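# Structural features, examined
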Amino acid sequence: MRAVMYHYVRTPDPALPHLRHLHTDDFVLQVDHLDRTEGLARAEDVLAWLDGGGPLPSGAVLTFDDGLVDHHDTVAPILAERDAWGVFYVPTGPYRSGTILDVHRIHLLLGRLGGADLLARLRAAAASEGIDLAADDRWAGRYVHQDDRPAAEAKRILNYEVRDDDRARLLDRLEADLEAEGVADRPTVDDVYVRPDQLRAMQDAGLTIGSHAVTHR
């Protein structure tokens, strides 16, 4: 048994031309390939094993992080067509606060602007807000696997090198600038995450909802 983890699964969105995602068609190909070559693990077998009442199951366990709207709109119907199971790990913060988590605000800004533009805007916003972006060597190894170096640097700065309150200020400033330029309205929680009623429907359909903590930290 092995787990295969996914995040964004969707068709390209012209409003987010740089968003890192798996195309829906490629997800279908992957699921069918896994089913054909090693099989997809069944919920009852995995849950019995976790409870200590069964042998280690064979096959792939499909897991999906962050409670993204893609998982209801795109993934769940594909799994239903194949009578396949998945585990969906959901952070509770957005449902409690009514706001998008910083990690996903960063994804959306990168998806809209691309790495180079976001990094330039980030540095300008930091200078305007009086926020120091001096590099911290502790985080130098973060995102080194990503081929878009400006995007990796912007993510490292925002996710690791600035304080929480400074990150929030910077993201507020970047989003406000885009809104003022007429480039994009600020997204809402329902634009990004599965709604509670949709989560219940997914659970009722046999999918498993798991905890992804509160704020994704």
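See above for the structure.
Cut-offs and rules
- Residues numbered from 1 in each chain as written.
- Predicted model: local features only at pLDDT ≥ 70, side-chain atom pairs only at ≥ 80, totals over all residues.
- Heavy atoms only, no water.
- Helix = DSSP H or I, 4+ residues; strand = E, 2+ residues; numbered from the N terminus.
- Areas by Shrake-Rupley, 256 points an atom, 1.4 Å probe, with all protein chains shown as cover.
- Lys, Arg positive; Asp, Glu negative; His and termini not counted.
- Charge placed at Lys NZ, Arg CZ, Asp CG, Glu CD.
- Salt bridge = Lys/Arg side-chain N within 4 Å of Asp/Glu carboxyl O.
- Buried < 20%, exposed > 50% of the residue type's maximum accessible area, 1.4 Å probe, protein only.
- Axes fitted to C-alpha atoms, helices over the stretch in contact; angles between N-to-C directions.
- Parallel < 35°, antiparallel > 145°, perpendicular 65-115°, else oblique.
- Left-handed = near helix turned anticlockwise from the far one by under 90°.
- Contact = heavy atoms within 4.5 Å.
- Nonpolar A, V, L, I, M, F, W, Y, C, P; charged D, E, K, R; others polar.
- Phe/Tyr/Trp six-rings, centres within 6.5 Å; stacked < 30°, edge-to-face > 60°.
- Patch = residues over 30% accessible without salt bridge, like charges linked within 9 Å, V, L, I, M, F, W, Y side chains within 5 Å.

## Overview of the overall build of the protein
On a plain count of helices and strands, the protein comes out with ten helices and six strands. Projected onto its principal axes, the C-alpha positions of the protein cover 60 × 35 × 30 Å. Carbon together with sulfur atoms contributes 50% to the accessible area of the protein, which is approximately 11,400 Å² in total. In the protein, 24 positive and 38 negative side-chain charges are present, and the distance between their average locations comes to 4 Å.

## What about the pattern of salt bridges?
Applying the stated criterion across every chain yields a total of 27 salt bridges. Of the charged contacts in the structure, one is a salt bridge between Glu38 and Arg2, with a shortest N-O distance of 3.0 Å. Linking Glu38 in the loop between helix 1 (24-37) and helix 2 (43-50) with Arg2 in strand 1 (residues 2-6), this pair joins segments that are 36 residues apart in sequence. Exposure remark for Arg2: the relative accessible area of 43% places this residue in the partly exposed category.

## Remarks on the packing of helix 6 (residues 115-129) against helix 8 (residues 164-180)
Orientation of helix 6 relative to helix 8, taken along the N-to-C sense of each, is 115°, at an axis distance of 10 Å. Classified by the interaxial angle, the pair formed by helix 6 and helix 8 is roughly perpendicular. Considering only the axes of helix 6 and helix 8, their crossing is right-handed. Note on element contacts: helix 8 touches helix 6 through Arg169, Leu170, Arg173, Leu174, Asp177 and Leu178, opposite Leu118, Arg121, Leu122, Ala125, Ala126, Ser128 and Glu129. Tallied by class, the residues present in the contact of helix 6 with helix 8 amount to seven nonpolar, one polar and five charged.

## Focus: the packing of aromatic side chains
Given two aromatic rings, their pairing is described by the distance between the two centres and the angle made by the two planes. In this structure the tally under the stated criterion is six aromatic pairs. Between the aromatic rings of Phe27 and Phe64, the centroid separation amounts to 5.9 Å while the plane-to-plane angle is 75°, which identifies the pairing as edge-to-face. Taken together, the residues span a long stretch of sequence, with Phe27 in helix 1 and Phe64 in strand 4 (residues 60-65) at a distance of 37 residues. In this structure, Phe27 and Phe64 share a single accessibility class: buried. Both rings, one in Tyr143 and one in Tyr160, keep their centres 6.1 Å apart while their planes meet at 55°; by these two values the pair is tilted. Placement of the pair is Tyr143 in the loop between helix 6 and helix 7 (149-161) and Tyr160 in helix 7, with a sequence separation of 17 residues. For Tyr143, a relative accessible area of 16% translates into the label buried. Its relative accessible area of 28% is what places Tyr160 among the partly exposed residues. Each member of the aromatic cluster is reached from another via a ring pair, and the members are Tyr6, Phe27, Phe64 and Phe88.

## Details of unusual backbone geometry
Positive phi values are uncommon outside glycine, yet Asp83 reaches one of about 50°. Checked against the element boundaries, Asp83 lands in the loop between helix 3 (69-81) and strand 5 (86-90). Judged by its relative accessible area of 52%, Asp83 is exposed.

## Digging into the side chain of Arg10
Assignment of secondary structure puts Arg10 in strand 2 (residues 9-10). Arg10 has contacts with Leu16, Leu19, His21, Leu22, His23, Thr24 and Asp70, leaving out every residue within four places of it along the chain.

## Examining a nonpolar patch on the surface
Among the surface-exposed residues, Met1, Leu47, Trp49, Leu50 and Leu56 lie close enough to one another that they form a single nonpolar patch of about 480 Å² accessible area. By the element assignment, Leu56 lies in the loop between helix 2 and strand 4. The class of Leu56 is exposed, set by a relative accessible area of 54%.

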